[in-house]
Amino acid sequence: AVQDPSVEAAELERTFIAIKPDGVQRGLISEIISRFERKGYKLVAVKLVVPTKEFAMQHYDDLKGRPFFNGLCDFLSSGPVLAMVWEGQGVIKYGRKLIGATAPQNSEPGTIRGDLAISVGRNIIHGSDGPETAVAEIALWFKPEELLSYSKVTDKWLYE
Ligand code: UDP
Ligand code: MG
């Protein structure tokens, strides 16, 4: 148990982050994980999976009807994806900042896509875009028992 209730409250926010097949193939797993880890976020679930096309279509359900939808789902299901849940204060919104704009040509230097990707269809990483999406995506990709709650000695050095 964590002593300080503000630390406990800060831990509650969780987001779904996935390294897409291009990021895995390009050897960027450790680079991407380290950016979330060094920021202070806590990894609470992780697995390497090859999603089926049907699963990819469910994940990107809000984009069905867009011209790139089919190719996007083919691509997401084309190889191993590193699925993760990260926890921490503001992690949903700030996780998106770490990731950068959808099109890497518009992503700022210093962001994951800005530093490490070139084209929109190969932008290496996914992150939930809001609280409702985060809940839905975590539930889609992980069973409740795969999500861990634990304290770290650094928690009290990250939150006042
Ligand atoms: N995408 C694409 N072409 C587009 C827009 C999006 O290939 O014109 C892909 C891109 O890989 C993006 C994913 O579809 O990451 C999901 O799109 P979304 O708008 O949700 O962007 P994200 O939330 O990933 O930044
Ligand atoms: Mg999105």
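An account of the accompanying structure is given in this report. Numbering of residues starts from 1 in every chain and runs along the sequence as written. Just so you know, chain letters begin at A and ligand numbers begin at 1, following the order they were written in. This being a predicted model, a pLDDT of at least 70 is required before a residue's local features are given, and a value of 80 or more before pairs of side-chain atoms are given or counted; all residues contribute to the totals for chains, interfaces and linings.

### Section: the overall build of the chain
Here comes step 1: By the criteria applied, helices consist of DSSP H or I runs no shorter than four residues and strands consist of E runs no shorter than two, each listed in order from the N terminus. Across its full length, the chain carries nine helices and four strands.
Here comes step 2: Taken from the N to the C terminus, the helices and strands of the chain come in the order α-β-α-α-β-α-α-β-α-α-β-α-α.
Here comes step 3: This radius of gyration counts C-alpha atoms alone. The globule rule is 2.2 Å times how many residues there are, raised to the power 0.38. Against the 2.2 N^0.38 benchmark of 15 Å for 160 residues, the chain shows a C-alpha radius of gyration of 16 Å, consistent with a compact globule.
Here comes step 4: The principal-axis extents of the C-alpha atoms in the chain amount to approximately 50 × 35 × 25 Å.
Here comes step 5: Buried means a residue has 20 or more other C-beta atoms within 10 Å of its own C-beta, exposed means 12 or fewer, and partly exposed covers the counts in between; C-beta atoms are placed from the backbone. A buried classification covers 33% of the 160 residues belonging to the chain.
Here comes step 6: Of the contacts formed within the chain by residues at least 6 apart in sequence, a portion of 71% connects residues at least 24 apart. This entry defines residue contacts through backbone-placed C-beta atoms, with two residues in contact when those atoms are within 7 Å.

### Observations concerning the site of ligand 1
Here comes step 1: To decide whether a residue is near a molecule or strand, its C-beta atom is placed from the backbone and checked for lying within 6 Å of it. Lining the immediate surroundings of ligand 1 are Leu63, Phe68, Leu72, Thr102, Val120, Gly121, Asn123, His126 and Asp129.
Here comes step 2: Think of it as three bins: nonpolar holds Ala, Val, Leu, Ile, Met, Phe, Trp, Tyr, Cys and Pro, charged holds Asp, Glu, Lys and Arg, and polar takes everything else, Gly as well. Here the residues of the shell around ligand 1 sort into four nonpolar, four polar and one charged.

### A short note on the nonpolar core
Here comes step 1: By size, the foremost hydrophobic cluster in this structure holds 29 residues, and its most contacted members are Ala18, Ile19 and Ile125.
Here comes step 2: Among the elements of the structure, strand S1 (14-19), helix H3 (29-39), helix H5 (69-76), strand S3 (81-87), helix H6 (91-99), helix H7 (112-116) and helix H8 (131-141) are those that each provide at least two residues to this core.
Here comes step 3: Tallying contributions element by element places S3 first for this core, with six residues. Think of a nonpolar core as buried Ala, Val, Leu, Ile, Met, Phe, Trp, Tyr and Cys residues, each tied to the set through C-beta atoms within 7 Å.

### Quick word on the pairing of S3
Here comes step 1: Most of S3 sits inside the fold, with seven of its seven residues counted as buried.
Here comes step 2: On S3, burial covers both faces: Val81, Ala83, Val85 and Glu87 on one face and Leu82, Met84 and Trp86 on the other are all buried.
Here comes step 3: In the sheet, S1 pairs with S3 via six bridges, with the strands oriented antiparallel. Its bridge partner lying in S3, Arg14 is registered against Glu87.
Here comes step 4: In this structure, strand S2 (residues 42-49) lies alongside S3, joined through seven bridges in antiparallel fashion. Between any two strands, at least two bridges found by DSSP are needed for them to pair.

### Topic: the pairing of S1
Here comes step 1: The buried fraction of S1 is high, at six of six residues.
Here comes step 2: The two faces of S1 match: Arg14, Phe16 and Ala18 on one face and Thr15, Ile17 and Ile19 on the other face are all buried.
Here comes step 3: Two elements, S1 and strand S4 (residues 125-127), share three bridges in a ladder whose sense is antiparallel. In the strand pairing of S4, Ile17 is matched with Gly127.

### Examining the sheet that holds S2
Here comes step 1: Pairing is antiparallel across the open sheet formed by four strands, whose spatial order is S2-S3-S1-S4. In the strand order of this sheet, the two ends are held by S2 and S4, each with one partner. Strand-to-strand twist in this sheet, taken as the mean axis angle between neighbours without regard to direction, amounts to 15°.
Here comes step 2: For helices, the axis comes from a line fit to the C-alpha atoms of the stretch in contact; other axes are also lines fit to C-alpha atoms, and the angle between any two N-to-C directions lies between 0 and 180 degrees. Across the sheet, H8 touches S1 and S3, and the angle it forms with S1 is around 55°.

### With respect to the environment of Thr154
Here comes step 1: With respect to the element layout, Thr154 can be found in the loop between H8 and helix H9 (155-158).
Here comes step 2: When the 10 C-beta atoms within 10 Å are taken as the criterion, Thr154 is described as exposed.
Here comes step 3: Separated by 114 residues in the primary sequence, Thr154 and Gly40 have C-alpha atoms spaced 8.4 Å apart.

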